[in-house]
Amino acid sequence: MTNELKGKVNYTTKGNIAILEVDNPPVNPLSSGVRAGLTEYISKANEDDSIEGIILTGAGRSFIAGADISEFGQKPDGPDLHTALREIEFSKKPVLAAINGTALGGGLETALVCNYRMGTNKAIVGLPEVNLGLLPGAGGTQRLPRLIGPSQALKMMLSGTPISAKKALQQGVIDAISENSLIDDAIMFLQEKIGQSEHPKVRDKNEKLIEARGADNVLAEARALASKTRRGQFAPGQIIACVEAAINEDDFDVGMKKESEYFLECLINPQREAMIHIFFGERAASKISDIPKETPLHPIQKAGVVGSGTMGGGIAMNFANSGIPVLVLDQDEKNLERGMGVIDKNYQMMVERGRMTQEQKDIVMGLISPTLSYEDLADVDIVVEAVYENLELKQEIFRSLDEATNENAILASNTSGLDIDAIASVTNRPEKVVGTHFFSPANIMRLLEVVRGQDSSDETMATVMSIGKRMKKASVVSLNAPGFIGNRMLYGYTYQANMLLLEGALPNQIDNALESFGMSMGPFRMMDLVGLDLGWRARKLGNIETPLTNKIADALCEQDRFGQKNSKGFYNYSEGSRAPNPAPENEDIYKEISDNNNIARREISDQEIIDRCILALVNEGAQILEEGVAQRSGDMDIVYINGYGFPIWRGGPMFYANQQGLDKVIEKMNNFSKLDEEFWKPAPLLQKLADESSVFGEAPTQNERATKLSFKKTNIGGV
Ligand code: T1G
């Protein structure tokens, strides 16, 4: 029994032109109904003698957003994509793709089988399949290199980043840009071609490939790019192999056959499922399950940031990059000047690296204004406080903001772990108070933890989530609990890394093991980057006793080893370099502290290191899910991939645990419980799901939750 087909194609005619409009809202993926519609209507237009030309376009804001990602791993209905595209490519009548918006993946590949391509100036085109652990499997790896040359094509397919219509025209991906009505311009363009005996097919354009034959640098550069930007990923190598085939095979269809083989290998590779989990996971994370979709948003036309330090400056850049004018307030003139200088320098670096034009820089810098006075914030719609972590100071600032800003303004704190309700309690508008935990550098890192206070209103939450989308952030909701999601999970991970150091593993072994697992940076390199002295000074200042797992770091600080900032920490660094060099001189300190704490040092395998650090994340994640601090396990995966350097091709810690099997996870934790029974006690939800041979998913409902959440009740390693 075939399911009802999804999506459709609208067929209309204008004189001697047939117009096929892909209609599968909101972004027109090539679902079963679209594939069926394309196949049917191309042949209908070809059989209709009154028709001399065909235009293919999309309904709404998108041309075609690619293959239907939700179909991967399922048995697809309707004709397959190759059949539909063959109909278009071998149409007797010329076909023009009128690209009215996003043409991505299979969407661009569909345009590439057309004879001609025209876009609006807002159109964007790209082959982002690599972001899904896939490759352009509908001819993209064979046709795009023919149009723009293998080197440019490889850059586009390995970055997965779309390009603008202007750039697409420059590179030859499209033939023209419509400045007025796209369909009218497309009809005019096609009318001029209709009389021609032949119409170009991309498959026949071999010049650029033949030119590249023997030019090994093309593939070598692509391999270098892939290993630099996509470490551990399977698909990039497959993409390069496809283009190598395109270069060396004379017969187009032989190259296509290779592409299909390599595509299949990507499809069955577990990375594909993990990366598609993240694609849909990011979209799911942007939804708050108990807040209605139609909740009205508070209009955000102007913003403010309190604090012009590293975080404040980065947050201000996010507002400006989203076209929102922003005031940066600091009480200290010198700080303000320095802060504005850092913002200008960051943008200047982007201009120098060609990632923005001088003109674009002038526009965004024009949106950022410094101020020393709270009064200037009277008409802003949102303020983000970004000063250092001190509750009393933040409460003082929120009292001032409560007075200075209009009563409708949203007041947000960039705290990375302080009690949002305690901050809100000093204002007369706790329903307008929320946490917006950005990650450093805030203008680069995609993660945004949106912390929901007990009184944060639906409107406040929905509005901040929509701002996160405008800033192109991966926004994830956390309830107000110590360490929120990311830092809370990190505690167990770092605790295990430090215990492994005490038990005999060395920093570079632990870091290499976790980096070979795919983490972007090992914990000890991370600690050296952040600075070992932050915790040490805080403990000295507060006269706080050093916990066991900080004893080594504190001992290093006593030896004036603070990390990268003074070129020595767990590693040594040559002047001006960030490359970590082993520091054998530290080993005596490690041995002494292990001895002083009766910890026997032993050989430890890389697998034990990986399992203990990653499963510590998973177990705390299960506790967070049980408490409902995170709405769903996928949210924690989004947090770890966008904020803590977890490899996207493993799908995040919770997805990784699901793929391993929760019974296997429990088994490993039980093995480790000999080392520390309390720490390795499985979270009740993890035990329950493993017993049911189930997997992590949505958080248990309010009633199912074992523990009632409160800032006071929950404790993270004494932080
Ligand atoms: N398939 C299925 N659903 C899709 C989809 C797709 N290709 N693209 C988007 N959606 C859903 C999405 O989950 C969301 O659903 C809604 O549409 C709106 O999306 C053979 C193998 C186009 C830039 O990788 O990058 O072609 O959450 O919230 O921010 O070679 O969507 O509302 O239920 O993201 O405006 C390659 C994927 C596929 C592009 C629009 N294509 N899409 O962004 O909206 S593989 C892609 C995007 C392929 C061929 C291969 C973005 C967008 P819901 P949204 P947006």
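This text goes with the structure placed above it.
Per chain, residues are indexed from 1 in the order of the written sequence. Where totals are concerned, whole chains, interfaces and linings use all residues; where local detail is concerned, this predicted model gives features only for residues with pLDDT of at least 70, and gives and counts side-chain atom pairs only at 80 or more. The side-chain values count all of the structure's non-hydrogen atoms but skip hydrogen atoms and water molecules.

1. Things to note about the packing of helix α3 (residues 106-113) against helix α4 (residues 140-148)
Here is step 1: Inter-axis angles, ranging from 0 to 180 degrees, are taken between N-to-C directions of lines fitted to C-alpha atoms, where helices are fitted over the stretch in contact. Note on conventions: DSSP H or I runs of at least 4 residues are helices, E runs of at least 2 residues are strands, and numbering of each starts at the N terminus. Close contact between α3 and α4 brings their axes to 10 Å; oriented N to C, the two are set at 60°. Comparing their axes, α4 and α3 come out oblique. The way α3 lies across α4 gives a crossing that is left-handed. Two secondary-structure elements touch here, α3 through Glu109, Leu112 and Val113 and α4 through Gly140, Arg143, Leu144 and Leu147. By the definition adopted for this analysis, an angle is roughly parallel if under 35 degrees, roughly antiparallel if over 145, roughly perpendicular if from 65 to 115, and oblique otherwise. Helix crossings get a hand from a simple test, with the near helix turned counterclockwise from the far one by less than a right angle marking a left-handed crossing and a clockwise turn marking a right-handed one. Two residues form a contact once any of their heavy atoms are found within 4.5 Å.

2. Some points on the sheet that holds strand β8 (residues 124-126)
Here is step 1: Each pair of strands is called paired provided DSSP finds at least two bridges between the two strands. The sheet built from four strands is open, its strands ordered β4-β6-β8-β9 with mixed pairing. Each edge of the sheet is formed by a strand with only one pairing partner; in this case those strands are β4 (62-64) and β9 (163-164).
Here is step 2: Bridge count for β4 against strand β6 (residues 102-104) is two bridges, and the pairing is parallel. By the bridge assignment for β6, serine 62 is matched with threonine 102.
Here is step 3: Against the sheet, α3 engages β4, β6 and β8, with an angle of about 90° to β6.

3. Describing empty space enclosed by the protein
Here is step 1: Site definitions follow a grid-based scheme: protein atoms alone, a 1 Å grid, a 1.4 Å probe that fits but cannot get out for cavities, and for pockets an open set with protein on both sides within 12 Å along at least five of seven lines, plus lining residues having an atom within 4 Å of a point. Grid points are joined across faces, edges and corners, and a volume is the space filled by probe spheres set on the points. Evaluated as defined, the whole model comprises one cavity of 30 Å³ or more.
Here is step 2: Here the largest cavity is characterised by a volume of approximately 50 Å³.
Here is step 3: Together, Phe319, Ile382, Val384, Thr436, Phe438, Leu448, Val464, Ile467, Gly468 and Met471 line the largest cavity.
Here is step 4: At the level of elements, β14 (382-385), β16 (433-438) and α18 (458-470) are the ones that each hand at least two residues to the lining of the largest cavity.
Here is step 5: Considering each element in turn, the lining of the largest cavity owes the most residues, three residues, to α18.
Here is step 6: Gly falls in the polar group here, along with every residue not listed as nonpolar (Ala, Val, Leu, Ile, Met, Phe, Trp, Tyr, Cys, Pro) or charged (Asp, Glu, Lys, Arg). Of the residues assigned to the lining of the largest cavity, the class counts are eight nonpolar, two polar and no charged.

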